[in-house]
Amino acid sequence: EGEKLNAKLGKSREMYNEARKHLCNGVASSYQLRDPWPIYVDHGSGSKLWDVDGNEYYDFHNGYGAMVQGHGNPEIGKAIAERFPKGTHFALPDEDDFVVADELTQRFGLPKWRFTNSGSEATMDAIRIARAYTHRDHIMKIFGSYHGHHDAVMISIVGDYENIGDKNHLKKIPYGAGIPKSLIPLTVPVPFNDADALEARIREMETDDEAPACLIMEACLMNMSIVPPEPGYLEKVREITKRHGIVLIFDEVKTGLTIGPGGATKLFGVTPDMVTMAKAISGGLPMGAIGGTDEVMSVVESGEVYQVGTYSGNPLCVAAARANLEKVLTPEAYKLFDHLNNRLMEGCTEVIKKYDFPGYSIGFGAKGCVTFSPHKIIDYVTFKQGQRTDLNQLCWLYAANRGVFMTPGREEEWTLSVAHDDAACDAYINAFAEMAHDVTAE
Ligand code: PMP
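As a convention, each chain's residues are numbered from 1 in the sequence order in which they are written. Given that this is a predicted model, residues contribute local features only at a pLDDT of at least 70 and side-chain atom pairs are listed and counted only at 80 or more, while totals for whole chains, interfaces and linings are drawn from all residues. Side-chain measures here rest on the full set of heavy atoms in the structure, leaving out hydrogens and waters.

Engineer: Explanation requested: the side chain of glutamate 218 in the structure shown.
Structural biologist: You can see glutamate 218 is positioned in the loop between strand E9 (212–217) and helix H8 (233–243). Note on exposure labels: buried denotes an accessible area under 20% of the residue type's maximum, exposed denotes more than 50%, and partly exposed covers the range between, all computed with a 1.4 Å probe on protein chains only. Charge assignment in this entry is limited to Lys and Arg as positive and Asp and Glu as negative, and neither His nor the chain termini are counted. What counts as a salt bridge is simple: a side-chain nitrogen of Lys or Arg found within 4 Å of a carboxyl oxygen of Asp or Glu. With no salt bridge to any partner, buried glutamate 218 finds its closest opposite charge in lysine 254, at an N-O distance of 5.7 Å. Discounting chain neighbours no more than four positions away, the residues touching glutamate 218 are His147, Phe192, Asn223, Asp251 and Lys254. Numbering of helices and strands runs from the N terminus; a helix is a DSSP stretch of H or I covering at least four residues, while a strand is a stretch of E covering at least two. Any pair of residues with heavy atoms lying within 4.5 Å of one another is described as a contacting pair.

The following block contains the structure:
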């Protein structure tokens, strides 16, 4: 399947040879790499994208989950077209800013907002705000989770580690070079879905005079397949963090606006002190957001914390975000996501049963995946146990060769858009079925 795909990617290969002369690896970000060369895109429209070789794909990757509006959405296009002649950047506030903030407050129940340019900036600033609010330096995160590419959170994300320690003392493992040794001890990883381990670790940190400022977490993990919270877990996390004076941050960069209109916060009914958002918020333009309670965000309003950025609240991005929230991500959009996601999950489950495949399908709202695990995944350890990475890779190749584009990793593999339809879902299911058939026939 790999050779078959590469044979269709001749122009991409030519571009790669040209691009790598002056662009590291021929790409703008290492997220865009593919072995043996990247696929260069020509254009997208609705639920589809076309590469430079003219290959057509249903896009289930959707720009790592940002394009829930579909490519070239007319409402987003109109908002950008109307904004452009009036000027694209001033570093001054405009009406769209507070309209978007109001809308986010209604959806997430948090009263105060600031905007950033990306998810990484949102989590970086949220952590600083939590540190300032609590006057503490240490932070906690879930082992395996990804929260962006800044130093504080590039610790103990998904990787191939020999030894991660035991659940009460998970190791602090920097991901990649360049993270200062002095910063590593400040980030303390704990297992997902284990409130007892969380509280035990907090107690120990308090005894060592290292009480944490915040716990940053996805309420539903989105990078180790999709892992929802076990019943009662988030409620316990909320109670424990409150009791110990720790700021609870739900990182909704992936979940916000995709798994439901009010993200994981509303879906699971537990309100954190802060949320961070990006991706699906702004119709494919770069933007992030931080929401918080009046108390926590008071350190921003007082000027104690410097929360800034030349392009933060960029008029084009915020105009797109406003159109996205008001006109695209309507209640009907979420009904459509539910319909399509159920069709996909049911179709994939049928294939799994028919071919007696190890794994299951899981999803919420616009997001879902098939995970090739023989058992239910509840945390990093269960995610790593018995994962069939060979099947993941094969699944991606089968899909790409049949005009279906997925995310490459072992994370959530599909994001739906309002432009997707039953035919797109069936193409996905059929590609998966062909792979299951061929693998089991061998
Ligand atoms: N938080 C989470 C949960 C993410 O999934 C990501 C990106 N995949 C980020 C933060 C960082 O966002 P960005 O890539 O926009 O910096």
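Engineer: Explain the site of the ligand here, please?
Structural biologist: Nearness is defined per residue: one heavy atom within 4 Å of the molecule or strand is enough. Around the ligand lies a shell formed by Ser118, Gly119, Ser120, Tyr146, His147, Gly148, Glu218, Asp251, Val253, Lys254 and Lys279. Distance and chemistry together define a polar contact, namely a pair of N or O atoms within 3.5 Å, with one atom able to donate a hydrogen and the other to accept it when in protein, and with adjacent residues in sequence counting only for side-chain atoms on both sides. Within the side chain of serine 120, one N or O atom sits 2.6 Å away from an oxygen atom of the ligand. Burial of the ligand by the surrounding chains reaches 88%, relative to a free accessible area of 400 Å². Residue polarity is assigned by list, with Asp, Glu, Lys and Arg as charged and Ala, Val, Leu, Ile, Met, Phe, Trp, Tyr, Cys and Pro as nonpolar; anything else, Gly included, falls into the polar class. Its residues assigned to classes, the shell around the ligand comprises two nonpolar, five polar and four charged. Values of accessible area rely on a 1.4 Å probe in the Shrake-Rupley scheme; residue burial ignores everything except the protein chains shown.

Engineer: Would you mind going over the packing of aromatic side chains with me for this structure?
Structural biologist: For any two aromatic rings, the description comes down to two numbers: the centre-to-centre distance and the angle of the planes. Classification of ring pairs uses Phe, Tyr and Trp, with its six-membered ring standing for Trp, and accepts pairs whose centres are within 6.5 Å; under 30 degrees between planes counts as stacked, over 60 as edge-to-face, and the remaining range as tilted. Counted by the stated rule, this structure contains 15 aromatic pairs. With centroids separated by 5.8 Å and ring planes inclined at 65°, the aromatic side chains of tryptophan 396 and phenylalanine 405 adopt a geometry described as edge-to-face. Charge-over-ring contacts are defined here by two conditions on Lys NZ or Arg CZ: a distance within 6 Å of the ring centre and an angle within 35 degrees of the ring normal. We note lysine 48 situated over the ring of tyrosine 58; from NZ or CZ to the ring centre the distance is 4.8 Å.

Engineer: Any chance you could explain the pattern of salt bridges here in plain terms?
Structural biologist: It is possible for side chains bearing opposite charge to pair when their charged atoms get close. As enumerated under the stated definition, the model contains 23 salt bridges in all. The salt bridge involving glutamate 103 is made with arginine 107; its shortest N-O contact spans 3.0 Å. Pair noted here: glutamate 103 and arginine 107 are both in helix H5 (residues 95–108), with a separation of four residues, about one helical turn. Arginine 107 matches glutamate 103 in its accessibility class, with the two residues each being buried. In this structure, a network of salt bridges that share partners links the residues Glu1, Lys4, Arg402 and Glu434.

Engineer: Help me out: how do you make sense of the sheet that holds strand E11 (residues 274–277) in this one?
Structural biologist: Sheet strands pair by backbone hydrogen bonding; their relative direction is either parallel or antiparallel. Here we have seven strands laid out as an open sheet, ordered E4-E12-E11-E10-E9-E5-E8, and mixed in their pairing. If you trace the sheet from one side to the other, it starts and ends with strand E4 (112–116) and strand E8 (187–190), each paired once. Within this sheet the neighbouring strands show an average axis-to-axis angle of 20°, counted without direction. With four bridges connecting them, E9 and strand E10 (residues 247–251) associate as parallel partners. Each residue of the ladder has a partner; that of isoleucine 216, found in E10, is isoleucine 249. We call two strands paired when DSSP finds no fewer than two bridges between them. In this description, a line fitted to the C-alpha atoms serves as the axis of each element, helices being fitted only across the stretch in contact, and the angle between N-to-C directions of two axes falls anywhere from 0 to 180 degrees.

Engineer: I keep staring at the packing of helix H14 (residues 389–401) against helix H15 (residues 422–441) and nothing clicks. Help me out?
Structural biologist: Packed helices, taken two at a time, are described by the angle between their axes plus the distance between the axes. Interhelical geometry of H14 versus H15 gives an angle of 125° and a closest axis separation of 9 Å. Relative to H15, the element H14 is oriented oblique. Note that H14 runs across H15; the crossing there is right-handed. Only Ala431, Phe432, Glu434, Met435, Asp438 and Val439 of H15 make contact with H14, whose side of the interface consists of Leu391, Leu394, Cys395, Tyr398 and Ala399. Residues that form the contact of H14 with H15 fall into these classes: nine nonpolar, no polar and two charged. Any angle that is under 35 degrees is reported as roughly parallel, and any over 145 degrees as roughly antiparallel; angles of 65 to 115 degrees are reported as roughly perpendicular and all others as oblique. Left-handed describes a crossing in which the near helix is turned anticlockwise from the far one by less than a right angle; the clockwise case is right-handed.

Engineer: Just to check I follow, could you spell out the domain arrangement of the protein for this structure?
Structural biologist: When the domains of the protein are assigned, the result is domain 1 (2–68 + 330–441) and domain 2 (74–328). An automatic or database domain assignment provides the domain bounds reported here. Taking only C-alpha atoms, the centre of domain 1 and the centre of domain 2 are 26 Å apart. Contacts between domain 1 and domain 2 engage 30 residues on the former and 35 residues on the latter. Buried area, as used here, totals the accessible surface that two parts lose on assembly, with accessibility defined by a 1.4 Å probe and the loss added over both. Taking both partners together, domain 1 and domain 2 bury about 2600 Å²; carbon and sulfur atoms supply 64% of that area. Three residues stand out in domain 1 for area buried against domain 2, namely Tyr334, Phe364 and Tyr380, and they jointly supply 27% of the buried area on that side. On inspection of domain 1 and its partner domain 2, the count reaches two salt bridges. Aspartate 160 is the partner of lysine 384 in a salt bridge, and the nearest nitrogen-oxygen pair spans 3.1 Å. Counting residues per element, the ones that place at least two in the side of domain 1 that touches domain 2 are helix H3 (62–65), helix H12 (331–354), strand E13 (360–364), strand E14 (367–371) and helix H13 (380–384).

Engineer: In this structure, what is going on with helix H10 (residues 294–301)? I would like to understand it.
Structural biologist: Since one α-helical turn is 3.6 residues long, residues separated by three or four positions face the same way. Where H10 is concerned, the buried positions are Val296, Met297, Val299 and Val300. Axial view of H10: buried residues confined to an arc of 130°, hence all on one face. Of the surrounding secondary structure, the elements contacted by the buried residues of H10 are E4, helix H6 (119–134), E10, E11 and strand E12 (288–292). A positive phi of about 90° marks glycine 303, the residue just after H10. Here the arc refers to the set of directions running from the helix axis out to each C-beta atom.

Engineer: Looking at this model, I keep getting lost on unusual backbone geometry. Mind explaining?
Structural biologist: If a residue is not glycine, its phi is most likely negative; likewise, a peptide bond is most likely trans. In this structure, the amide linkage connecting aspartate 35 to the following residue, proline 36, adopts the cis form with an omega of 5°. Within the fold, proline 36 resides in the loop between helix H2 (10–19) and strand E1 (41–45). Backbone geometry places tyrosine 64, a non-glycine residue, at a positive phi of 55°. Relative to the assigned elements, tyrosine 64 resides in helix H3. Assessed through its relative accessible area of 19%, tyrosine 64 is described here as buried.

Engineer: Looking at this structure, how should I read the packing of H5 against helix H11 (residues 315–328)?
Structural biologist: At a minimum axis distance of 9 Å, the contact between H5 and H11 shows a crossing angle of 40°. Between H5 and H11, the interaxial angle falls into the category oblique. The two elements H5 and H11 meet at a crossing, and its hand is left-handed. Counting all contacts with H5, which are made through Glu95, Asp96, Asp97, Val99, Val100, Glu103, Leu104 and Arg107, the residues of H11 involved are Val318, Ala319, Ala321, Arg322, Leu325 and Glu326. Of the residues assigned to the contact of H5 with H11, the class counts are seven nonpolar, no polar and seven charged.

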